[in-house]
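Coordinates in review
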Amino acid sequence: MRTAAAVRTAAVRRAAVAGVTGAMVLVVGSGCGSGEEYGSLPSAATDAAPTTAAATAGSPGGADADGAPQASAAPSGGVADLVLAQYTAFWVDVLPRAGVAPAGRREALLAPVTTEPELSHLLTNWAALDADGQRNYGRDRPLESTVRVQGGLALVEGCLDSRGSGVADTATGAPVTRGVARNAVRATLLRGPDGTWRISAITYPATPTC
């Protein structure tokens, strides 16, 4: 049975990532099930054929001398593969490193794969975790994902293995929350003027599992 603190933290996390304002705590990788629509594609997106692919656990991008990841180069297979590469890098590489980095480094780490409004949501809610003496730990592992692209907008609907992630007490390292085995997720990505796809919104569908 989860503690009251764990239930509260998981509920707050779902609202915070979905774009609800206020003093909230973000917990990456524990719980799921927000029904809020925060960025999506029309059902008839046709600019690129819908592509289904299994996200891998490797990072598609490199890193600069300061440790910030570089935007990934387009893999073979077209736009959908590029979108999926950025989505995967966000979960398995960038988000885990930014979540434990000093506050002043987080934006630089996120910027190659994240844009507004998600960028500000993450920074704001990590600051709230800092104030509470907590931090993220671990990482979410993307499982199967479906990519749809319409012009400069893309939608990835997929599933995360979040068992290895959650929130921990900064002083002791003891977990406060733990993620679930199959966590349904939706990510909206925008293509920037530089041609790079970046995540602009993360939501958790009403269906709690995937």
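Refer to the structure above for everything that follows.
Sequence order sets the numbering: in each chain, residues are counted from 1 along the sequence as written. For a predicted model such as this one, the threshold for reporting local features is a pLDDT of at least 70, and the threshold for listing and counting side-chain atom pairs is 80 or more; totals across whole chains, interfaces and linings nevertheless cover every residue. Only heavy atoms go into the side-chain values, all of them from the structure, while hydrogens and water stay out.

**Examining the overall build of the protein chain**
The test is simple: Put simply, DSSP marks the helices as runs of H or I at least four residues long and the strands as runs of E at least two long, and each gets a number from the N terminus on. Burial status follows relative accessibility: with a 1.4 Å probe on protein chains alone, a residue under 20% of its type maximum counts as buried, one over 50% as exposed, and anything between as partly exposed. Here a residue-residue contact requires only that any non-hydrogen atoms of the pair lie within 4.5 Å.
Helix and strand counts for the protein chain come out as four helices and seven strands. Ordering the α and β elements of the protein chain from the N terminus gives α-β-α-α-α-β-β-β-β-β-β. Across the 210 residues that make up the protein chain, the buried fraction comes to 47%. The long-range fraction of contacts in the protein chain, counting pairs at least 24 apart against all pairs at least 6 apart in sequence, stands at 65%.

**Some details on helix 2 (residues 79-100)**
The condition is simple: What a helix should span is 1.5 Å times the count of its residues minus one. To obtain the bend at a residue, axes are fitted to the seven residues ending there and to the seven starting there, and the angle between these axes is taken.
Taking 1.5 Å per residue as the helical rise, helix 2 with its 22 residues ought to reach 32 Å, and the 31 Å between its terminal C-alpha atoms agrees with that figure. Phe 90 marks where helix 2 bends most, by close to 45 degrees. By the criterion of burial, helix 2 is predominantly enclosed, with 18 of the 22 residues buried.

**Description of the packing of helix 2 against helix 3 (residues 103-110)**
The condition that has to hold: The axes are straight lines fitted to the C-alpha atoms, using for helices just the contacting stretch, and the angles between their N-to-C directions are given from 0 to 180°. Just so you know how the angles are binned, under 35 degrees is roughly parallel, over 145 roughly antiparallel, 65 to 115 roughly perpendicular, and the rest oblique. Helix crossings are classified by the rotation of the near helix relative to the far one: an anticlockwise turn of less than a right angle makes the crossing left-handed, while a clockwise turn makes it right-handed. For this classification, Asp, Glu, Lys and Arg are treated as charged, while Ala, Val, Leu, Ile, Met, Phe, Trp, Tyr, Cys and Pro are nonpolar and the rest, including Gly, are polar.
Two numbers describe how helix 2 lies on helix 3: the axes approach to 8 Å, and their chain directions differ by 165 degrees. In terms of orientation, helix 2 lies roughly antiparallel with respect to helix 3. Of the two elements, helix 2 crosses helix 3, and the hand of that crossing is left-handed. Along its contact with helix 2, which presents Val 94, Leu 95, Arg 97, Ala 98 and Gly 99, the element helix 3 presents Arg 106, Leu 109 and Leu 110. Along the lines of polarity and charge, the residues of the contact of helix 2 with helix 3 split into five nonpolar, one polar and two charged.

**Side note on the pattern of salt bridges**
We apply this condition: Here, a salt bridge means any side-chain nitrogen of Lys or Arg that lies within 4 Å of a carboxyl oxygen of Asp or Glu.
The full count for this structure, using the stated rule, is eight salt bridges. Close ionic contact of Arg 106 with Asp 130 constitutes a salt bridge, the shortest N to O distance being 2.8 Å. On the criterion of sequence distance, the pair formed by Arg 106 in helix 3 and Asp 130 in helix 4 (residues 118-131) is long-range, its members being 24 residues apart. Using a relative accessible area of 6% as the deciding quantity, one classes Arg 106 as buried.

**Examining the packing of helix 3 against helix 4**
One way to put it is that helix 3 packs onto helix 4 with a least axis distance of 11 Å and a crossing angle of 155 degrees. It follows from the interaxial angle that helix 3 and helix 4 lie roughly antiparallel. At the point where helix 3 passes helix 4, the crossing takes the right-handed sense. Of the residues in helix 4, those in contact with Ala 103, Arg 106, Glu 107 and Leu 110 of helix 3 are Leu 119, Leu 122, Leu 123, Trp 126, Ala 127 and Asp 130. Counted by class, the contact of helix 3 with helix 4 contains seven nonpolar, no polar and three charged residues.

**So, the nonpolar core**
Put simply, the rule reads: To form a nonpolar core, buried Ala, Val, Leu, Ile, Met, Phe, Trp, Tyr and Cys residues must be joined to one another through side-chain atoms within 4.5 Å.
If you look at the biggest cluster of nonpolar residues, it comprises 33 residues, and the most contacted ones within it are Val 83, Tyr 87, Phe 90, Trp 91, Leu 110, Leu 189 and Ile 202. Of all elements in the fold, only helix 2, helix 3, helix 4, strand 3 (141-150), strand 4 (153-161), strand 6 (183-191) and strand 7 (197-203) reach the threshold of two or more residues within this core. Here this core takes 12 residues from helix 2, the largest share from any one element. Not counting the four nearest positions on each side in its chain, Leu 110 is found in contact with Val 94, Leu 95, Ala 98, Leu 119, Leu 122, Leu 123 and Trp 126.

**Structural notes on helix 4**
How we decide: In this context, the arc is that of the directions from the helix axis out to the C-beta atoms.
An ideal rise of 1.5 Å per residue puts 20 Å on 14 residues; helix 4 measures up with 20 Å between its terminal C-alpha atoms. All of the buried residues in helix 4 are Glu 118, Leu 119, His 121, Leu 122, Asn 125, Trp 126 and Leu 129. Seen along its axis, helix 4 keeps its buried residues to an arc of 160 degrees; they face one direction. Gly 133 sits one or two residues past helix 4 and shows a positive phi near 70 degrees.

The values reported here are purely geometric and, on their own, carry no functional implication.
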